[in-house]
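Understanding the architecture of this molecule
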Amino acid sequence: MAAFTVDQVAIGYSNTLIIDDLSVSIPEGKITTIIGPNGCGKSTLLKAVSRILKTKSGAVYLDGHAIHKLGTKEVARQMAILPQTAEAPSGLTVFELVSYGRFPHQNGFGSLKKEDYNYIEWAIEVTGLQEFKNRPIEALSGGQRQRVWIAMALAQDTKILILDEPTTYLDLAHQLDILLLLKRLNEEEGRTIVMVLHDLNHASRFSHYMIAMKDGALITEGTPEKVMTCSNLQSVFNIEASIATCPFSANPICFSYQLCQR
Ligand code: ADP
């Protein structure tokens, strides 16, 4: 079963086409990670999925419906998206920003109900932000801010979570905290997680499915065992990788690499 399907999409900016004729199905209830070099179109693809960008042709299908034909709230009740660069309006506190995640579930008057407060408190708790709850976003470190955005996406309580580089700005322990939280949400609640990660070893360790892109095209997709091979990493990143087995997940990891001769 697919959580959503990208069908023969072409996506770009003004007259420049970045992605042409890309099709991929995101497996439901799994963790999928998109990898690929800077500028290959990973964020552009996620922008089309989240409707920030309109596809020039093709479509993204959610439950069999073309996503651009669905209402904003309807989509937001099913998928939460954490973009790569997000700026909070100035003056907002952690609690206020996280509460924005409840927008798709509110009626026209916009007042928070008990259920909304429960989700907000839960999201703040699981992202370890309890002590910063009433602090303005400006008074947080980059890593803490990143966790506030993740909390906002969690408060949205969607079956699909899409995160563009969720571990940016985070130190090693906080990166693992977030990835373990996503793993838990996937295992315990069956949520579909789609993310872009630069750390190939995290991608391999935490994903059921990986999608490798280059120059706007899909190069290979499948399990970490299938994707994390020397020849794929050479094709995608132009690196000669030494592959070993992760002692924690038993999935392949790249323990060192060098640039291939150009
Ligand atoms: P990735 O997420 O893989 O690093 P992006 O999807 O951000 O790559 O970018 C893919 C290509 O699209 C790059 O060449 C980038 O310069 C271009 N691009 C990204 N955003 C814009 C924009 N707003 N306007 C024009 N070109 C853009």
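Residues numbered from 1 in each chain as written. Predicted model: local features only at pLDDT ≥ 70, side-chain atom pairs only at ≥ 80, totals over all residues. Heavy atoms only, no water.

1. Points about the environment of Val 148
Relative to the helices and strands, Val 148 resides in helix α5 (residues 142-155). Distance in space between the C-alpha atoms of Val 148 and Phe 95 is 8.7 Å, their sequence separation being 53 residues. Filtering out sequence-adjacent residues up to four positions away, Val 148 remains in contact with Val 94, Leu 97, Val 98, Leu 129, Ile 137 and Leu 140. (Helix = DSSP H or I, 4+ residues; strand = E, 2+ residues; numbered from the N terminus. Contact = heavy atoms within 4.5 Å.)

2. Structural notes on the site of the ligand
Close to the ligand lie Tyr 13, Ile 18, Pro 37, Asn 38, Gly 39, Cys 40, Gly 41, Lys 42, Ser 43, Thr 44 and Lys 47, which account for all nearby residues. Lys 42 places a polar side-chain atom, nitrogen or oxygen, 2.8 Å from an oxygen atom of the ligand. At a separation of 2.8 Å, an oxygen atom of the ligand approaches a polar side-chain atom of Ser 43. Within the complex, the protein chains bury 58% of what would otherwise be the 560 Å² of accessible surface of the ligand. (Near = heavy atom within 4 Å. Polar contact = N/O pair within 3.5 Å; in protein donor to acceptor, adjacent residues only side chain to side chain. Areas by Shrake-Rupley, 256 points an atom, 1.4 Å probe, with all protein chains shown as cover.)

3. Observations concerning the domain arrangement of the protein
Along its sequence, the protein is organised into domain 1 (1-78 + 158-223) and domain 2 (87-157). Every contact between the two is made by 19 residues of domain 1 and, on the other side, 17 residues of domain 2. For the pair domain 1 and domain 2, the summed buried area comes to about 1,500 Å², and 66% of that belongs to carbon and sulfur atoms. The largest contributions to the domain 1 side of the interface with domain 2 come from Lys 73, Thr 158 and Leu 181, which together make up 29% of the buried area. Across the domain 1-domain 2 interface, the total number found is 1 salt bridge. Notably, a salt bridge pairs Arg 191 with Asp 157, separated by 3.5 Å at the nearest N-O pair. Here domain 1 and domain 2 share 6 residue pairs in polar contact (both at pLDDT 80 or more) between them. Counting only elements with at least two residues in the side of domain 1 that touches domain 2, the list comes to α2 (72-76), β7 (160-164) and α6 (172-189). Here the side of domain 1 that touches domain 2 takes 5 residues from α6, the largest share from any one element. Split by residue class, the side of domain 1 that touches domain 2 holds 9 nonpolar, 4 polar and 6 charged. (Domains from an automatic or database assignment. Buried area = accessible area lost by both parts, 1.4 Å probe. Salt bridge = Lys/Arg side-chain N within 4 Å of Asp/Glu carboxyl O. Nonpolar A, V, L, I, M, F, W, Y, C, P; charged D, E, K, R; others polar.)

4. Describing the sheet that holds strand β2 (residues 16-27)
An order of β2-β1-β4-β5 is seen for the 4 strands of this open sheet, with the pairing classed as antiparallel. On the outer flanks of this sheet lie β2 and β5 (65-66), each paired with one strand and no other. Across the sheet, helix α1 (residues 42-49) lies against β1 (2-13), β2 and β4 (57-62), angled at about 115° from β1, the strand it touches most. (Pairing = 2+ DSSP bridges. Axes fitted to C-alpha atoms, helices over the stretch in contact; angles between N-to-C directions.)

5. Concerning helix α9 (residues 230-237)
For α9, the complete set of buried residues consists of Asn 232, Leu 233 and Val 236. Buried residues along α9 cover an arc of 95° about the axis, so they all sit on one side. On its buried face, α9 is in contact with α7 (200-206), β9 (209-214), β10 (217-222), α8 (224-227), β11 (239-245) and β12 (252-259). Asn 238 lies just past α9 and shows a positive phi near 60°. (Buried < 20%, exposed > 50% of the residue type's maximum accessible area, 1.4 Å probe, protein only. Arc of directions from axis to C-beta.)

6. Concerning the pattern of salt bridges
According to the stated counting rule, one finds 7 salt bridges in the structure shown. Notably, a salt bridge pairs Glu 121 with Lys 133, separated by 3.0 Å at the nearest N-O pair. Remark: Lys 133 occurs in the loop between α4 (114-126) and α5 and Glu 121 occurs in helix α4; sequence separation between them is 12 residues. Residue Glu 121 is classed as partly exposed on the basis of its relative accessible area, which comes to 27%. A single salt-bridge network, built from bridges that share partners, covers Asp 157, Glu 189 and Arg 191.

7. A closer look at the sheet that holds β10
The strand order across the open sheet built from 6 strands is β6-β7-β8-β3-β9-β10, with neighbouring strands paired in mixed fashion. Because the sheet does not close on itself, it has two edges, and the strands there are β6 (79-82) and β10. Within the sheet, the average angular offset between the axes of one strand and its neighbour, ignoring direction, is 15°. Here β6 pairs with β7 via 4 bridges, running parallel. Counted as the bridge partner of Leu 82 is Leu 163 from β7. Most of the contacts of α9 go to β9, to which it runs at about 40°, and overall it touches β3 (31-35), β9 and β10.

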